[in-house]
Amino acid sequence: MKKGLMIVNLGTPDEANPQKVKEFLASFLSDQRAIKMPRLLWQAILHGMIMQVRPKKSAALYQKYGPKMGLLSSSRIHQGTGSHDLRSIIRSTSRICDVV
């Protein structure tokens, strides 16, 4: 049996500011495929707690680490250093296949 590792980029905000991060998080975290929970309960948690605090904290992290890792827009993610660093780490023991 072969084993594999799949890394999926679920997207990034367009800019590293709280408003753009809030838009990204609201879209991503409202997707029922991402969060398996009763919808009404999850929406209450999401908009009542998470969306009040997380965008500002996440924006600060994107500002700090995003430029270093190429994590600011989905169009640039494939050119970011993060994917290349990962490739170099596992290339010696694995086969890498880019899927776009």
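What you see is a predicted model, and the numbers here were worked out from it, not measured in a lab.

1. Some remarks on the nonpolar core
Grouped together as the largest cluster of nonpolar side chains are 10 residues: Ala 16, Val 21, Phe 24, Leu 25, Leu 29, Trp 42, Leu 46, Met 51, Ala 59 and Tyr 62. Contributions of two or more residues to this core are made by helix 1 (18–29) and helix 2 (39–69). Tallying contributions element by element places helix 2 first for this core, with 5 residues.

2. Things to note about empty space enclosed by the protein
Taken as a whole and judged by the stated rule, the model has 1 cavity of 30 Å³ or more. In this structure, the largest cavity encloses a volume near 40 Å³. Taken together, Leu 29, Ser 30, Asp 31, Gln 32, Ile 35, Met 37, Arg 39, Trp 42 and Gln 43 make up the full set of residues lining the largest cavity. Here the lining of the largest cavity gets 3 residues from one element, more than from any other, and that element is helix 2.

3. A look at the pattern of salt bridges
For the structure shown, the criterion picks out 2 salt bridges. Among the salt bridges present, the one from Glu 23 reaches Lys 20, with a minimum N-O distance of 3.8 Å. In this pair, Glu 23 and Lys 20 are both assigned in helix 1, 3 residues apart and thus about one turn of the helix distant. The salt bridge involving Asp 31 is made with Arg 33; its shortest N-O contact spans 2.8 Å. The exposure class assigned to Arg 33 is exposed, which follows from its relative accessible area of 69%.

4. Thoughts on the confidence of the model for the chain
Of all residues in the chain, 61% attain a pLDDT of 70 or more, and the chain-wide mean is 75. Helix 3 (residues 81–90) is the least confidently modelled element of the chain, averaging 57 in pLDDT, while helix 1 averages 91, the highest of any element.

5. Some words on the environment of Gln 19
As for its position among the elements, Gln 19 is in helix 1. You can call Gln 19 partly exposed: its relative accessible area is 48%. C-alpha separation for the pair Gln 19 and Lys 56, spaced 37 residues apart in sequence, amounts to 8.3 Å.

What counts as what
- Residues numbered from 1 in each chain as written.
- Predicted model: local features only at pLDDT ≥ 70, side-chain atom pairs only at ≥ 80, totals over all residues.
- Heavy atoms only, no water.
- Core = buried A, V, L, I, M, F, W, Y, C linked by side-chain atoms within 4.5 Å.
- Buried < 20%, exposed > 50% of the residue type's maximum accessible area, 1.4 Å probe, protein only.
- Helix = DSSP H or I, 4+ residues; strand = E, 2+ residues; numbered from the N terminus.
- 1 Å grid on protein atoms, 1.4 Å probe; cavity = no way out; pocket = protein on both sides within 12 Å on 5 of 7 lines; lining within 4 Å.
- Points joined across faces, edges and corners; volume = space filled by probe spheres on them.
- Salt bridge = Lys/Arg side-chain N within 4 Å of Asp/Glu carboxyl O.
- pLDDT = per-residue confidence, 0-100.

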